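Coordinates in review
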Amino acid sequence: MLHRLALRVLPRLTLAVTEAEVRKRKRLVMLVPGLVAFGLYRALKPVLSFSEPVTLLLFSGLMSAATAVVAYRFGRRAGFSTLGREDGLRLLSWLALWVGFTYGVQLSLMVLALLKVVVRYDYLAHPEGPAMMAIIIACTSVARDAFEIGHVRRLQRDGEPVLTFPDGAPLRALLQDRTGLLLQRTSLAALVAVGLTLVVGWAGEMGRTHLVQLVTVSLLGGGLALWAYLAGTQRPGGWQALWSQTHWSELFRFWWWPGLAFAATYYLVLVGLVTFLFRQEEETHAVVQGLMAGTVAGMMTLYGYYLGYRRGIEDQIQQTVPASLMRCPFVMGILSKGKTPSAEQVIAQSGVLAGDSGRRG
């Protein structure tokens, strides 16, 4: 779900995918896959056993993979031959596998777990309603995100400044550059989450239920994501300047969304995995709950730091480099590399190019 976080946290991406025309086309693209998924579910219900979690998840994943490619095409505004020639098999494979299949399976597990934990509507006891909802919600959400990614890719191909394409490549570059620091932060966050989960579980039988654990991990995950996000921005002046420059309402909004919301989402995905694939009871073993909480805390810390790091880079570059210079293909080529350079490096290299052009003139 990292692509979803990037599309909604980084300002440049958010502005690009929330324009009025884009939102209008996106609503239509989201409607069609939902209707198709509903029709296929009704048609194949006599043939496929959607009461089996593996069958349901495989169907949802395959439907979401096909939806991702088609929705990306509409956002990209290009034919499949053009996509294969210009975007390449690697990008399309990532889109189908991660944004489509994997994300679709995660969303289906989240829906099933949410219905069981919060609404007390158990898929294993009453499979038809939850199964249909899991497939439809997964397909419509995948269509929305794939369409937005396709739109961002079209802007990038047209020469618009897209500093962070949401395909995970900048995160991999950050992991290679700061392996030790990120390992320390994520490990510390995971240990805190495991300890808190054990304390809540020892408090009584109610503390070991999925609902109480969900609330606990979500609140903690939101705080850890905010802490990591602020650390990742690396604004001049350290933490004191950071707190003074950031309004409390902005901090609360990030803690609430995406911090708390995505921590709850990831925890529900793990609950769905444990409950419906491994058939664990309501009160999962304390070790399993600790591992689930630690996984969520580590992921939210890693993703929070990454988003803050990318936000800091984008703010620095956009404040320093003029908009006209950002549209230069040479500059965009520099920014699209694995490790994004600093604003000073961009200006220096751009200045060399301008000097060379002047001498040639």
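Only a predicted model underlies this, so the values are computations on that prediction, with no experimental measurement involved. (Residues numbered from 1 in each chain as written. Predicted model: local features only at pLDDT ≥ 70, side-chain atom pairs only at ≥ 80, totals over all residues. Heavy atoms only, no water.)

1. Considering the overall build of the protein chain
Which entries qualify depends on this criterion: Strands are runs of DSSP state E lasting at least 2 residues, helices are runs of H or I lasting at least 4, and numbering of each runs from the N terminus. A 1.4 Å probe rolled over the protein chains alone gives each residue an accessible area, and that area as a share of the maximum for its type sets the label: buried under 20%, exposed over 50%, partly exposed in between. Contacts are residue-level and defined by heavy atoms, with any inter-residue pair within 4.5 Å sufficient.
When helices and strands are counted, the protein chain shows 15 helices and zero strands. When the 361 residues of the protein chain are sorted by exposure, 51% land in the buried category. Summarising the internal contacts of the protein chain: among those between residues at least 6 apart in sequence, 77% fall at separations of at least 24.

2. Quick look at the packing of aromatic side chains
Remark: the centre distance and the inter-plane angle together describe each pair of aromatic rings, the angle taken between the planes. Note the following rule: Only Phe, Tyr and Trp rings take part, Trp by its six-membered ring, and two of them pair if their centres are within 6.5 Å. Stacked means planes under 30 degrees apart, edge-to-face means over 60, and tilted covers everything else.
Within the structure shown, the criterion is met by eight aromatic pairs. Ring centres 6.4 Å apart and planes at 50° place the aromatic pair Trp255 and Trp256 in the tilted group. When its relative accessible area of 49% is taken as the criterion, Trp256 is described as partly exposed. Aromatic side chains Tyr266 and Tyr303 sit 6.2 Å apart centroid to centroid with 55° between the ring planes, which places their arrangement in the tilted category. Here Tyr266 is found in helix α11 (residues 248–277), whereas its partner Tyr303 is found in helix α12 (residues 286–320), with 37 residues between them in sequence.

3. Quick notes on the packing of helix α8 (residues 179–202) against helix α9 (residues 210–233)
What counts here: Each axis is a line fitted through C-alpha atoms, and for a helix only the stretch in contact is used; angles between axes span 0 to 180 degrees, taken between their N-to-C directions. Here the word oblique covers every angle except those under 35 degrees (roughly parallel), over 145 (roughly antiparallel) and from 65 to 115 (roughly perpendicular). By the definition used in this description, the sense in which the near helix is turned from the far one sets the handedness, with an anticlockwise turn below a right angle giving left-handed and a clockwise turn giving right-handed. Three classes are used: nonpolar for Ala, Val, Leu, Ile, Met, Phe, Trp, Tyr, Cys and Pro, charged for Asp, Glu, Lys and Arg, and polar for all others, with Gly counted as polar.
Packing of α8 against α9 leaves a shortest axis separation of 10 Å and a crossing angle of 155°. Between α8 and α9, the crossing angle belongs to the class labelled roughly antiparallel. Where α8 crosses over α9, the handedness of that crossing is right-handed. Side by side, α8 and α9 meet where Arg185, Ala189, Val192, Ala193, Leu196, Thr197, Val200 and Gly201 of the first sit next to Val212, Gln213, Thr216, Val217, Leu220, Leu224, Trp227 and Ala231 of the second. In terms of residue class, the contact of α8 with α9 is made up of eleven nonpolar, four polar and one charged.

4. Here we look at the pattern of salt bridges
Formally: What makes a salt bridge here is a side-chain nitrogen of Lys or Arg within 4 Å of a carboxyl oxygen of Asp or Glu, nothing more.
As enumerated under the stated definition, the model contains 17 salt bridges in all. The salt bridge partner of Arg154 is Asp158, with a shortest N-O separation of 3.4 Å. Judged by its relative accessible area of 17%, Arg154 falls in the buried class. Residue Asp158 is classed as exposed on the basis of its relative accessible area, which comes to 54%. By sharing partners, the salt bridges in this structure join Arg4, Arg8, Lys26, Arg144, Asp145 and Glu148 into a single network.

5. Some points on the side chain of Arg311
As for its placement among the helices and strands, Arg311 is situated in helix α12. Judged by relative accessible area, which is 18%, Arg311 ranks as buried. When neighbours within four sequence positions are excluded, Arg311 is seen to be in contact with Val9, Leu10, Pro11 and Tyr229.

6. A look at α11
The α-helix winds at 3.6 residues per turn, so residues separated by three or four positions along the chain end up facing the same way. Put simply, the test is: Helix span is expected to be 1.5 Å times the residue number reduced by one. Here the bend at a residue means the angle between the axes of two seven-residue stretches, the one that ends at it and the one that starts at it.
Here α11 spans 41 Å end to end across 30 residues, near enough to the 44 Å set by a 1.5 Å rise per residue. Its axis deflected by about 30° at Trp256, α11 carries its strongest bend there, up to four residues before the proline Pro258. In the segment just after α11, Arg279 is the residue with positive phi, at about 55°.

7. Here we look at a nonpolar patch on the surface
Rules: Without a salt bridge and with relative accessible area above 30%, a residue can belong to a patch; like charges are then joined within 9 Å and nonpolar side chains (Val, Leu, Ile, Met, Phe, Trp, Tyr) within 5 Å. All accessible-area figures derive from a Shrake-Rupley calculation using a 1.4 Å probe, and residue coverage is judged against the displayed protein chains alone.
Together, Leu114, Val118, Val119, Tyr121, Leu211, Val215 and Leu219 line one region of the surface with nonpolar side chains, adding up to about 560 Å² of accessible area. Considering each element in turn, the nonpolar patch owes the most residues, three residues, to α9. Take Tyr121: it is sitting in the loop between α5 (80–117) and α6 (128–157). Judged by its relative accessible area of 31%, Tyr121 is partly exposed.

8. Some details on unusual backbone geometry
As a rule of thumb, non-glycine residues mostly have phi less than zero, and peptide bonds are mostly trans rather than cis. Here the residue pair Trp257 and Pro258 is connected by a cis peptide bond, since its omega of 15° sits within 30 degrees of zero. Here Pro258 shows up in helix α11. Positive phi values are uncommon outside glycine, yet Arg77 reaches one of about 55°. As for its placement among the helices and strands, Arg77 is situated in the loop between α4 (53–76) and α5. Phi at Arg120 takes a positive value of approximately 65°, unusual for a residue other than glycine. Following the sequence through the fold, Arg120 ends up in the loop between α5 and α6.

9. Description of helix α7 (residues 169–177)
The condition is simple: Arc definition: it is the arc formed by the directions from the helix axis to the C-beta atoms.
For α7, the full list of buried residues reads Pro170, Leu171, Ala173 and Leu174. For α7, the angular spread of buried residues about the axis comes to 160°, placing them on one side.

10. Quick notes on the nonpolar core
The criterion, for reference: Here, nonpolar core means buried Ala, Val, Leu, Ile, Met, Phe, Trp, Tyr and Cys residues that are tied together by side-chain atoms lying within 4.5 Å of each other.
In terms of nonpolar packing, the biggest core is built from 96 residues, with Tyr72, Ile135 and Val296 touching the most fellow members. For this core, the leading source of residues is α5, giving 16 residues. The residues contacting Ile135, other than those within four sequence positions of it, are Ala37, Tyr41, Phe50, Leu56, Phe59 and Ser60.

11. Some details on the packing of helix α1 (residues 2–9) against α11
A pair of packed helices can be characterised by two numbers: the angle between their axes and the separation between those axes. Put simply, α1 and α11 touch, their axes get as near as 12 Å, and they point 170° apart. By the angle between their directions, the pair α1 and α11 is classed as roughly antiparallel. Here α1 runs over α11; the crossing is right-handed. Of α11, the residues touching α1 (which contributes Leu2, Arg4, Leu5, Arg8 and Val9) are Phe254, Trp257, Pro258, Phe262 and Tyr266. Class assignment of the residues belonging to the contact of α1 with α11 gives a composition of eight nonpolar, no polar and two charged.

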